[in-house]
Amino acid sequence: EAVAAEWMLEFACSCLCRHFAEQSGAEFWRWRDVAQALINGLSQIPPHQKKTVYLCQLLIRIAQGKSLGLQFENDQRISPLESALSFWTFLEREEIKLEKLHEDIRRLIQIQIVAVHMENRYFKEAAEALERLFTDSESDKPLRVKLATIIKTKDPYVPLLQSFSYSLLISKIKSYIELFMKENETNFLKQEAIKHVVSKGLGVTALQNKPVEVNENGKSDLETKQRFVLSIILLRDVLGQKLATSTFPIFFKFVVFCDLSNMENVETNGVSLACSRRRQRWTQNEDMELKVGVREFGVGNWAKILAHGNFNSRTSVMLKDRWRTLSKIK
């Protein structure tokens, strides 16, 4: 169960990363709940899974960074983004590479902590957050002085805040996710299962190396699914009846079903239809928010409309395109 539980955390983190990158809201929230349940079940974080836990917590907070009403810390003054910054600090300590990307993301989170407060016209809270964010080091001083000046103007749309926007932060986090997934693709479950199978004198090499003919486009997707199926087969062999008779498999079977059910949609060339990115439909409420925003701020001020409206993972470009569509319909 310990082996499977550690694998499940890696698998949940992988799903969380994928859905964050694809901006697929419902799936992201579903896997957020799964990852959070697994993390809450840990008595302590295994050293080799610290980065996995920190990344999950970071993504959950970044995704809800504009919701100042949400609390992740006991201190009610701490916003979701400020909480995210603490987990980003943990991640930085676990890595020695990516210094430039680390610095960019840290600066963007700091700026957006102030920007989100200002967008909601919480200027006093923005000033208090600024005091908590920066030390007295000389390297921090230029940015600290600029942000303090911006808070005094009480204008959330100054060029600095627009240049270091929330959408840019999301883009940088996506870049980090991509690098993280490449460096941490450990196939943990398969490795543990192979150790066990080899110790029993059973052969798995033939199964691993079995050739499959697919075209180049479908190769990556099919290989991923083959590895997943192999992991499930080996897990069954490793844990056997113990897994089948424990209370653990209820949740495990749910996780397995979620991904295996997608395999029914694999085309003959190996490309998954279910994994293709879906376009998110505009809701009636979003259209209304867009119309209200245009009336208040005018056509073209998409950043202001986005900041003040209640949109589901939209960008300024999406707002502009949707307005063009609505204008044609009208």
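Structure: above.
Below: a short report on this structure. In this text the structure is predicted, and so the values were computed from the model without any measurement. (Residues numbered from 1 in each chain as written. Predicted model: local features only at pLDDT ≥ 70, side-chain atom pairs only at ≥ 80, totals over all residues. Heavy atoms only, no water.)

## Details of the environment of Asn301
Selection rule: Only DSSP runs of H or I covering at least 4 residues are called helices, and only runs of E covering at least 2 are called strands; the numbering of each starts at the N terminus. A simple rule labels every residue: compare its accessible area, found with a 1.4 Å probe on the protein chains alone, to the largest value its type can have, and call it buried under 20%, exposed over 50%, or partly exposed in between. Pairing of N or O atoms within 3.5 Å defines a polar contact, subject to two protein rules: one partner must be a possible hydrogen donor and the other a possible acceptor, and residues neighboring in sequence count only if both atoms are side-chain atoms.
Examined against the element boundaries, Asn301 turns out to sit in the loop between α14 (284-297) and α15 (302-308). Assessed through its relative accessible area of 33%, Asn301 is described here as partly exposed. Each C-alpha atom of the pair Asn301 and Ser316 lies 8.7 Å from the other, and the pair is 15 residues apart in sequence. From its side chain, Asn301 meets the backbone oxygen of Phe297 in a polar contact 2.4 Å long.

## Re the pattern of salt bridges
We apply this condition: When a carboxyl oxygen of Asp or Glu lies within 4 Å of a side-chain nitrogen of Lys or Arg, that pair is called a salt bridge.
Under the counting rule described, the total for this entry stands at 13 salt bridges. Here Arg32 ties to Asp33 by a salt bridge, and the two come within 3.1 Å at their closest N and O atoms. One salt bridge connects Asp75 with Arg77, and the closest N-O pair in it is separated by 2.8 Å. According to the relative accessible area criterion, Asp75 is partly exposed, its value standing at 30%. Through salt bridges that share partners, Lys100, Asp104, Arg107 and Lys172 make up one connected network.

## Quick word on the packing of helix α2 (residues 25-40) against helix α3 (residues 50-63)
Here is the rule we go by: Every axis corresponds to a line fitted to the C-alpha atoms, with the helix fit spanning only the stretch in contact, and the corresponding angles, defined between N-to-C directions, vary from 0 to 180 degrees. For classification purposes, an angle smaller than 35 degrees is called roughly parallel, one larger than 145 roughly antiparallel, one from 65 to 115 roughly perpendicular, and anything else oblique. We call a crossing left-handed when the near helix sits turned anticlockwise from the far one by less than a right angle, and right-handed when that turn is clockwise. Between two residues, a contact is recorded if the distance between any of their heavy atoms is within 4.5 Å.
The N-to-C vectors of α2 and α3 enclose an angle of 140 degrees; their axes lie 11 Å apart at closest approach. Relative to α3, the element α2 lies oblique. Relative to α3, α2 is oriented so that their crossing is left-handed. Across the interface between the two elements, Phe28, Trp29, Arg32, Ala35, Gln36 and Ile39 from α2 touch Val53, Cys56, Gln57, Leu59, Ile60 and Ala63 from α3.

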